[in-house]
Amino acid sequence: MMHIHRYYAVDIVNGPGTRCTLFVAGCEHQCRGCYNQSTWRLDSGVPFTLEMEEQLIADLKDTRIPRQGLSLSGGDPLHPHNVPHIRRLVKRVRRECPDKDIWLWTGYKMAELSEAQREVVAEIDVLIDGRFIEAERDARLLWRGSRNQKIWYLRQPQGEQTDDEPAERHAQQRDPQGARREGTMQHQ
């Protein structure tokens, strides 16, 4: 069973627009300077139950407070223990809420992902990869805590990113130096 630390039904900090955000437990990286060390242990937090999952889906479908999508952070959603649970969740969100985008933060680099982790990534829209490196911390970055972390736009937003424009270059263009929303939680 996967554990979580926090679920925000309405969040405007962890990704664009109004979102549902889930912070999962478990992280192998244990980066120096991590602001979320309490999420490192797999058994910390509380079990992510079917009732919680049902609430998350209901919140994504709620028209009173429209959500743009789901953000998955932690800990690390791509921790090997979490992968089967996250894969099932993102496939369900994709199936039942096809108009919602899915963002995921991981300490793994895209090139390091296992086959099982890649199956999760195939279902999401945006991946922010790489460990938080304290020496490369930059509070001016949007959606990232350190300069080494990369934003991968994996699905083409309407009217953006052509086949000859790699996702990484596109991500850099969308994240100009100095772009920062006030109050943005830095992902580390």
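Residues numbered from 1 in each chain as written. Predicted model: local features only at pLDDT ≥ 70, side-chain atom pairs only at ≥ 80, totals over all residues. Heavy atoms only, no water.

> Give a detailed account of the overall build of the protein, specifying residues and quantitative values.
Tallying secondary structure elements over the protein gives 4 helices and 7 strands in all. Sorting the 188 residues of the protein into buried and exposed places 50% on the buried side. Long-range contacts, defined here as pairs at least 24 residues apart, represent 63% of the contacts in the protein between residues at least 6 apart. (Helix = DSSP H or I, 4+ residues; strand = E, 2+ residues; numbered from the N terminus. Buried < 20%, exposed > 50% of the residue type's maximum accessible area, 1.4 Å probe, protein only. Contact = heavy atoms within 4.5 Å.)

> Just give me the short version of the pairing of strand 4 (residues 69-74), but keep the residues and values in it.
Within a regular beta strand, the side chains point alternately toward one face of the sheet and then the other, so they alternate between its two faces. For strand 4, the tally of buried residues reaches 6 of 6 residues, placing the bulk of the element in the interior. Strand direction decides the pairing type here: strand 2 (residues 19-24) and strand 4, joined by 6 bridges, are parallel. Among the inter-strand pairings, valine 24 is bridged to a residue of strand 4, identified as glycine 74. Where strand 4 and strand 5 (residues 101-105) come together, 4 bridges link them in parallel fashion. When the sheet's bridge partners are listed, serine 71 is paired in strand 5 with tryptophan 103. (Pairing = 2+ DSSP bridges.)

> Describe the pattern of salt bridges, naming the residues involved and giving the relevant values.
The final tally for this structure, using the stated rule, is 13 salt bridges. Between glutamate 53 and arginine 92 there is a salt bridge, with its nearest N and O atoms 2.9 Å apart. With glutamate 53 in helix 1 (residues 50-61) and arginine 92 in helix 2 (residues 83-96), this pair connects stretches of sequence that are 39 residues apart. For arginine 92, a relative accessible area of 10% puts it in the buried group. Its salt-bridge partner being glutamate 96, residue arginine 92 comes within 2.8 Å of it at the nearest N-O pair. With arginine 92 and glutamate 96 both in helix 2, this residue pair falls 4 residues apart, about one helical turn. Each of Glu53, Glu54, Lys61, Arg88, Arg92, Arg95 and Glu96 takes part in a single network of salt bridges with overlapping partners. (Salt bridge = Lys/Arg side-chain N within 4 Å of Asp/Glu carboxyl O.)

> Describe in detail the side chain of serine 71, supporting the description with residues and values.
Mapped onto the elements, serine 71 comes out in strand 4. The class for serine 71 is buried, based on a relative accessible area of 0%. For serine 71, the residues in contact, after removing those within four places along its chain, are Asn14, Gly15, Arg19, Cys20, Thr21, Leu22, Trp103 and Trp105.

> Give me the lowdown on the packing of aromatic side chains, citing residues and values where you can.
By the definition in use, this model includes 4 aromatic pairs. Their ring planes at 80 degrees and their centres at 6.1 Å tell us that tyrosine 8 and phenylalanine 23 sit as a pair that is edge-to-face. On the criterion of sequence distance, the pair formed by tyrosine 8 in strand 1 (residues 3-11) and phenylalanine 23 in strand 2 is long-range, its members being 15 residues apart. On the numbers, 6.2 Å between centres and 90 degrees between planes, the contact of tryptophan 103 with tyrosine 153 is edge-to-face. Of this pair, tryptophan 103 sits in strand 5 while tyrosine 153 sits in strand 7 (residues 150-153), and the two are 50 residues apart along the sequence. Residue classification places tryptophan 103 among the buried positions, given a relative accessible area of 3%. The class for tyrosine 153 is buried, based on a relative accessible area of 5%. Among the aromatic residues, ring-to-ring pairing joins Trp103, Trp105, Trp143 and Tyr153 into one connected group. (Phe/Tyr/Trp six-rings, centres within 6.5 Å; stacked < 30°, edge-to-face > 60°.)

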